[in-house]
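Structural characterization, general
One letter stands for each residue in the lines below.
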Amino acid sequence: AGVALLSCLASSSPIHMSAAGRPARVIFMHGLGDTPAGWREQLTYSFRERLPHVSWMLPEAPQSPVTVNGGMVMTSWMDLHAIPVDPNAHDDEPSLDASVQLIHKEIDRAVKSGIPAERIVVGGFSQGAAMAWLSTLRYPSRLAGCAMLSGWAPLASKLDISGG
């Protein structure tokens, strides 16, 4: 699995921070079978002018077998047993935990680069959205937020989200 820093116009230059000096980062995960390349240009064109101080990190899910797809190996943040996913769906905790660790490493890298945790948003689409939710709730520091596009809440029944 690789990591791509979203770049302007698909060049090798990352989106530049604004002169305001308040950098922020969005870590955005793709869905099942996709790659960061599937989101790179859309996110660049949609947000570069409105959010010039934001850098984008697009991690790639590991290649692993997916039960619902007959065990086919593809990019996947977790194993899925059924699509659509419903509230009673089987949650594959080992693959969820492994992906949370990968995403937390990306958050830690951003913090070590000088971006405060409270200026980092974790987001994603579908499986990536589910991972964004779980990774945000499990991160030991407060993050700026979580953006879920067409996702669900894995392990919801096992998480203490009371805030207390």
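Residues numbered from 1 in each chain as written. Predicted model: local features only at pLDDT ≥ 70, side-chain atom pairs only at ≥ 80, totals over all residues. Heavy atoms only, no water.

**Quick notes on the side chain of Gln-127**
Using the following cut-off: The helix count covers DSSP runs of H or I at least four residues long, the strand count covers runs of E at least two residues long, and both are numbered beginning at the N terminus. Within 3.5 Å is the distance limit for a polar contact, defined as a pair of N or O atoms, with the added protein rule that one can donate a hydrogen and the other accept it, and that residues adjacent in sequence qualify only through two side-chain atoms. Here a residue-residue contact requires only that any non-hydrogen atoms of the pair lie within 4.5 Å.
Tracing the backbone through its elements, the reader meets Gln-127 in helix H3 (residues 127-138). Side-chain polar atoms of Gln-127 contact the backbone nitrogen of Trp-77, separated by 2.8 Å. Excluding residues within four positions of it along the chain, Gln-127 makes contact with His-30, Gly-31, Leu-32, Ser-76, Trp-77, Met-78, Leu-80 and Trp-152.

**Quick word on the packing of aromatic side chains**
Let me state the cut-off plainly: Any two of the Phe, Tyr and Trp rings considered here, Trp counted by its six-membered ring, make a pair once their centres fall within 6.5 Å; the pair's planes then place it as stacked at under 30 degrees, edge-to-face at over 60, or tilted in between. A simple rule labels every residue: compare its accessible area, found with a 1.4 Å probe on the protein chains alone, to the largest value its type can have, and call it buried under 20%, exposed over 50%, or partly exposed in between.
Per the stated rule, a full pass over the model turns up three aromatic pairs. Between Trp-39 and Phe-125, the ring centres sit 5.5 Å apart and the planes meet at 45°, which makes this aromatic pair tilted. One end of the pair, Trp-39, is in helix H1 (residues 37-47); the other, Phe-125, is in strand S6 (residues 120-125), with 86 residues separating them in the sequence. Relative to Trp-56, the ring of Phe-47 has its centre 5.4 Å away and its plane inclined at 25°; by these criteria the two rings are stacked. With relative accessibility at 5%, the residue Trp-56 sits in the buried group. Site record: aromatic cluster; members linked through ring pairs are Phe-28, Trp-39 and Phe-125.

**Details of helix H2 (residues 93-112)**
Going by this rule: One less than the residue count of a helix, multiplied by 1.5 Å, gives the span that helix is expected to have.
Between the first and last C-alpha of H2 there are 28 Å, a value that for 20 residues agrees with the 28 Å anticipated at 1.5 Å per step. Of the residues making up H2, those classed as buried are Ser-95, Leu-96, Ser-99, Val-100, Ile-103, His-104, Glu-106, Ile-107 and Ala-110. Looking at the residues trailing H2, positive phi occurs at Gly-114, about 110°.

**Examining the confidence of the model for the protein**
Operational definition: On a scale of 0 to 100, pLDDT captures the predictor's confidence in every residue.
Averaged over all residues, the pLDDT of the protein equals 85, while 84% of them reach at least 70. Averaged pLDDT values over the elements of the protein bottom out at 43 in strand S1 (residues 3-5) and peak at 98 in strand S5 (residues 72-75).

**Notes on the side chain of His-104**
Looking at the secondary structure, you find His-104 in helix H2. On the basis of relative accessibility, which here comes to 14%, the residue His-104 falls in the buried class. Apart from the residues within four sequence positions on either side, His-104 is in contact with Ser-135, Arg-138 and Tyr-139.

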